[in-house]
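# Chain and residue survey
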Amino acid sequence: MVGRLAHLRALRQARSVSADAGLVRVAVTGGPAVGRSTLLDEFVGACRREGGFAVRVRCRLADRQAPTALVSDLLRCLAEEVSPVSGARRSTCETRPPLLGWQPTGTDDWADRDRQVSAARAAVAALAERGPLVVAVDDITYAGRPALQWLRQVLEGCARLPILLLVSVRAGEPPTTPEQLAEMLTDATWLELDGLTEAETGDLLCALLPSRPPGRLVAEVHRWCGGSPYMIGELARILHSRSAGSGLPQSVDEVVLHDALRLVHGRLNRLGTALMRIVEIIAVAQGHGGVDAALVAHLTGLDVHEVLTALDLLIRMRLIGDAESLPLRHPALGTAIAASMTAMARSATHLSIAEYLFVRNAPADRIASHLTASTVAPSGSWPAQILLQAADHARETGADGVEGRCLELASRVATGTQHREAMLRLARLEIRRDPEKGLLAAVAVLSEDDDHAVVAGMLGQIGRALYETELGAHQSDLLDRIDTSVRGTVFEGWAEGYRKLHRPFLGRPVQVRRRIQGLLGRRDAMAVLEDDDADRRPVQSAWSALDAFLRYLVDPDPREAVREARRALGQDGAGLELHPLARTAALAVLADVGDRHEAISWLDRFDRSESEGQSSPTGWLASVRGRIALAAGDLDEAGSCLNDALWEQGEGPDASHDPVTVILVGLLADVHVSRGEVDDARTLLRRFRLIDELPPGWHYCELLLARARMRAGEGDLTGARRDLVDLRARAHQAGIRLPGSLMWRRHGADLLVAVGRRRQAVRVAAAQLRFADAVGSPLERGRALRAQACASGTAEKHRLLREAVALLSPAESLDAAHALADLGSALSGSPTRQEAIAALTQAVDIADRCAAGALALRSRRQLLVAHERAPRQMSLRGVLTLTRRERQILIDAIRGATNNGIAQTRHITRRTVELHLSSAYRKLGITGRIDLPQLFRDPAFWPLLADGLPARGSPSN
């Protein structure tokens, strides 16, 4: 009786009141399957268990034709109550008088009505003398006129006795004799049973299922069943049976409650076939915008007045809500009703609704929703916009057949951009279904359609499919067919170019650039873009976009690459669609060093064209958004975009070799490290099998940098150095200049110093400064000055960091936070401690806003040191007590040098090295080298140690 305790208390109270007031009437009502009969059964049973007297009868639909059935049932129940009892109830009633002179004969002798009334009154009086009597009549709605008159006569003769008349009434259903029932229930108290609350639904499920369901499932069941205890019980039994081997399901939306369906079917069919048809229409329209009275009238052939009357009855029966869209109160019931119809009947209803809505200019998405819900594809002359939206709905539900049919119809009736969109989406769908057949169909379009926009988009779809799918020997034949189809058009040369630039990021950038120059007629890409030969621009702008990215990697001056990327993006026509990487390549240049607002503007434009079937996968464009957010220091946005991009890419067996995937993983790992989520970064690298030895290729450079940062953050400086050496070797072999990478410009010099490669850090910082001067950006100059400071001595470091902070602080970006943190750390041991505190405080504020958890935590700990409030256990204060020589030798040990190696480098004896290390271990509260990685759990440890602060109260060696 979950959710019904308050109703049981109300019934007990009414029974108590009858002891003083005499006859009390209570009517229980509610919608279908709400638990009226269960409540009566529970209350009658409770009364009997307590030693009281109660009789319960139920009216049936057949009672309308058998008027004495209720009388006979009630007389039999009274006879059973007054007959001698045994067992536990004898103590309550030692003897019970028989029904005075009357015994049930098994026949309905209605002629002896007065005698029956007298016998019933005598039995009721005999029982009521010993305590309140409960007379429960279930479904009294079905009782006929004679039966109600007889019952009224019996009770009126006993009105002063302690009797509780408890009846249940079906909500909304017209009674057999409305007048007599109204008279019977005059002055009755009405108890209306509503559906269970969500908390009560959870309690009921806990009682019915073997384990406690999760909160999400409870909420879904409550919504699905509308709180109906009966439906929740049936659903729980189904879930229990299904969960025997695999646990509870994730969704209940497709579960069909057959028992609930039979209950409603029977009730509605008794009231007329039109009601069932109306409910079927409402059920079919469930989830598609609902229906209104006029639509129901149109589909049923009834007039509006008849429909309104029927809907009023359904509302009063608690089957549908009293709202304009006529929603079903129990979504599970709608699913069951729709499932009971044939697929053809459902499709006919959906198509009829779509036609009705179209004639009345309803919203296109609502019409499209019904078109795609039909298993029969639409036919006839539908507007292209509706067909395209119908294809959208079909794609969301996975109905490829309906989607294809809608796109085919749209391609025939559409013109302009809608025709292009339909053709390209149809090509993408066919390629997804069967790559080989779909590509052949797309190639056929090239020679049939003279719309340049369609041909460009189709080539883009073909290029994307070839990039994502290996066709082996068929690929060469396919490219030959394409070459024949586009010969003599503005797209001539596409097949040759795609052969040479199928995977442009797998080769050495310098060699790939030579291929591009060969495609451009040995001319520089910028010269081609500035040429007025419009017939060559569409194909060549795609190759030029790829060249811009590769030029950005290898040229010391990035300005030409930025100009080339802008030219490629600004070319009219659809040239960038002709290679799946072209747009991403051009945008990556702008995102990394150009105007990020310009890059965002282009991204927004390309996002709007996604519905037209663009060739660049959505994930790759999301990766550019991630680069922009990373450059701006918005780590949360960067992480979100890069995660989306990786999700679009997927995790196939070749993911660890795909250049785009590798670059995305490297960027996302760097975001995790910056946020202080080193474990997440390691998990990500393991997931894509990029944690160990890597295959050859320059595209692993950013990933190696992120991995080096992760290892340095864990105290594994030896591993970090290996990754940096590998990175440098790969970049040198490919001819890549490292200042071109945003991650390298932000963290490269710092990491090199940390692993003991200061001279290399000095060279990298100098190259970065030249890069910044070429770009002419205050942001890049600030980054370069910070890099120089990392590789400089103490006095020069302070000056460079102050200049970097002056350039970076106005933007309050992540780079500003890094510069402020470095400045605060460098000044912590100097007399200008207040300046250090101010810089660290500002660094914490900016780092928090950028979600740079690692930097924020490090700066907070350094603030504690600056305020001289460092913790005393294995403390940062211990770092401050190290002598200069102890610092030097400890850093060498952390970097992996042996005691003999340190002695040779420092020109001291091994015994001296051991003494200095023992002293350092004691001050830091560790036992030896094995505990060194533990020190890195505090982000402030390494900056304090590496900055070389003079010891307080200790002589400097």
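Residues numbered from 1 in each chain as written. Predicted model: local features only at pLDDT ≥ 70, side-chain atom pairs only at ≥ 80, totals over all residues. Heavy atoms only, no water.

What follows is about the overall build of the chain. Tallying secondary structure elements over the chain gives 48 helices and 5 strands in all. The long-range share in the chain, meaning contacts at least 24 apart out of those at least 6 apart in sequence, stands at 69%. About 40,200 Å² of surface is accessible on the chain, with carbon and sulfur atoms providing 50% of the total. (Helix = DSSP H or I, 4+ residues; strand = E, 2+ residues; numbered from the N terminus. Contact = heavy atoms within 4.5 Å. Areas by Shrake-Rupley, 256 points an atom, 1.4 Å probe, with all protein chains shown as cover.)

To continue, consider helix α3 (residues 69-82). Spanning 14 residues, α3 covers 20 Å between terminal C-alpha atoms, matching the ideal 20 Å at 1.5 Å per step. When you tally the buried positions in α3, you get 12 out of 14 residues, the bulk of the element. Every buried residue of α3 is accounted for by A69, L70, V71, S72, D73, L74, L75, C77, L78, A79, E81 and V82. (Expected span 1.5 Å × (residues − 1). Buried < 20%, exposed > 50% of the residue type's maximum accessible area, 1.4 Å probe, protein only.)

Further remarks concern the sheet that holds strand β4 (residues 163-170). Ordered by their spatial adjacency, 5 strands build an open sheet running β2-β3-β4-β1-β5, and the pairing between neighbours is parallel. The strands lining the two open edges of the sheet, one partner per strand, are β2 (53-58) and β5 (189-193). Taking the axes of each pair of neighbouring strands and ignoring which way they run, one obtains an average angle of 15 degrees across the sheet. Taken together, the 5 bridges between strand β3 (residues 133-138) and β4 define a ladder with parallel strand orientation. (Pairing = 2+ DSSP bridges. Axes fitted to C-alpha atoms, helices over the stretch in contact; angles between N-to-C directions.)

Here we take up the packing of helix α38 (residues 778-790) against helix α40 (residues 814-827). Running from N to C, α38 and α40 point in directions that differ by 30 degrees, and their axes come no closer than 10 Å. The angle between α38 and α40 places the two elements in the roughly parallel class. In the crossing of α38 with α40, the sense of the turn from one axis to the other is left-handed. Along the contact surface, α38 presents L779, R783, R786 and C790, while α40 presents D815, H818, A819 and D822. A class-by-class count of the residues in the contact of α38 with α40 yields 3 nonpolar, 1 polar and 4 charged. (Parallel < 35°, antiparallel > 145°, perpendicular 65-115°, else oblique. Left-handed = near helix turned anticlockwise from the far one by under 90°. Nonpolar A, V, L, I, M, F, W, Y, C, P; charged D, E, K, R; others polar.)

Counting 172 residues, the largest nonpolar core has W494, W543 and L890 as the members making the most contacts within it. Broken down by element, this core gets its largest block of residues, 11 residues, from helix α26 (residues 537-554). If near-sequence neighbours (up to four positions away) are discounted, W543 is found in contact with G493, W494, G497, Y498, L501, I516, L519, L520 and H579. Of all hydrophobic cores here, the second largest spans 73 residues; its members include M276, A297, A332 and W382. (Core = buried A, V, L, I, M, F, W, Y, C linked by side-chain atoms within 4.5 Å.)

This part takes up the packing of helix α18 (residues 400-413) against helix α19 (residues 416-433). Put simply, α18 and α19 touch, their axes get as near as 9 Å, and they point 150 degrees apart. As the angle between them shows, α18 and α19 are arranged roughly antiparallel. The hand of the α18/α19 crossing is left-handed. Contacts between α18 and α19 involve D400, G401, E403, G404, L407, E408, A410 and S411 on the former and, on the latter, H419, A422, M423, R425, L426, L429, R432 and R433. Residue classes in the contact of α18 with α19 are distributed as 6 nonpolar, 4 polar and 6 charged.

A few words on the pattern of salt bridges. Enumeration according to the criterion identifies 65 salt bridges in this entry. Taking the shortest distance from any N to any O, the salt bridge between R216 and E220 comes out at 3.0 Å. Taken together, the positions of R216 and E220, both in helix α8 (residues 215-225) and 4 residues apart, correspond to about one turn of that helix. Classification of R216 as partly exposed rests on a relative accessible area of 42%. Residue D773 is joined to R781 by a salt bridge in which the shortest nitrogen-to-oxygen separation is 3.0 Å. A relative accessible area of 32% means that R781 is categorised as partly exposed. Look at the salt bridges and you will find they share partners, linking R513, D547, R551, D555, E560, R563 and E564 into a network. (Salt bridge = Lys/Arg side-chain N within 4 Å of Asp/Glu carboxyl O.)

Attention now moves to the packing of aromatic side chains. Tallying each qualifying case throughout the model produces 4 aromatic pairs. An aromatic cluster is defined as three or more aromatic residues linked by ring pairs; in this entry it consists of F505, F549 and W698. Geometry around Y467 places R503 over its ring, the cationic atom sitting 4.2 Å from the centre. (Phe/Tyr/Trp six-rings, centres within 6.5 Å; stacked < 30°, edge-to-face > 60°. Lys NZ or Arg CZ within 6 Å of the ring centre and 35° of its normal.)

Once that is clear, we can look at the side chain of S369. By the secondary structure assignment, S369 is in helix α16 (residues 364-373). Taking relative accessible area as the criterion, S369 reaches 8% and is therefore assigned buried. In this structure S369 touches G287, H288 and H393, once residues within four positions along its chain are discounted.

In this model, R689 sits at a positive phi of 55 degrees, which is unusual for a non-glycine residue. By the secondary structure assignment, R689 is in the loop between α33 (678-687) and α34 (701-713). R689 sits in the partly exposed class, given a relative accessible area of 48%. In this structure, H907 is a non-glycine residue whose phi angle is positive, near 60 degrees. Within the secondary structure layout, H907 lies in the loop between α45 (899-906) and α46 (910-924). Classification of H907 by relative accessible area gives exposed; the value is 72%.

Here the focus is the environment of F358. Note that F358 resides in helix α15 (residues 343-359). Look at F358 and you get partly exposed, because its relative accessible area is 32%. In this structure, the C-alpha to C-alpha distance between F358 and W382, residues 24 residues apart in sequence, is 8.9 Å.

Residues D634, E637, D644 and E648 make up a contiguous surface patch of negative charge. Following the sequence through the fold, D634 ends up in the loop between α30 (618-632) and α31 (635-649). For D634, a relative accessible area of 35% gives the class partly exposed. (Patch = residues over 30% accessible without salt bridge, like charges linked within 9 Å, V, L, I, M, F, W, Y side chains within 5 Å. Lys, Arg positive; Asp, Glu negative; His and termini not counted. Charge placed at Lys NZ, Arg CZ, Asp CG, Glu CD.)

Moving on to the pairing of β4. Most of β4 sits inside the fold, with 8 of its 8 residues counted as buried. Side chains of β4 alternate between two faces, with I163, L165, V167 and V169 and L164, L166, S168 and R170 buried alike. As paired strands, strand β1 (residues 24-30) and β4 are joined by 7 bridges and run parallel to one another. In the strand pairing of β4, R25 is matched with L165. You can see the chain leave β3, run along helix α5 (residues 145-156) and come back into β4, and the turn it takes is right-handed. (Right-handed = clockwise from strand over helix to strand, strands pointing away.)

This paragraph deals with the environment of R237. Relative to the helices and strands, R237 is located in helix α9 (residues 229-246). Residues R237 and L208 lie 29 residues apart in sequence; the distance between their C-alpha atoms is 7.5 Å.

Moving on, we get to helix α17 (residues 384-397). Over its 14 residues, α17 extends 20 Å from the first C-alpha to the last, a length consistent with the 20 Å expected when each residue adds 1.5 Å. Remark: G398 follows α17 within two positions and exhibits a positive phi of approximately 80 degrees.

Per-chain confidence: the chain averages 83 in pLDDT, with 87% of residues scoring 70 or above. Confidence drops under pLDDT 50 across residues 84-109; counting only partners more than four residues distant or on other chains, this segment forms 37 contacts. Low pLDDT, under 50, characterises residues 869-874; the predicted model gives this stretch 14 contacts beyond four residues in sequence or across chains. (pLDDT = per-residue confidence, 0-100.)

For the rest of this paragraph, the subject is the environment of A817. Positionally, A817 belongs in helix α40. Accessibility expressed as a relative area gives 0% for A817, which makes it buried. For A817, the contacting residues outside a window of four places in its chain are A843, I846, A847 and L855.

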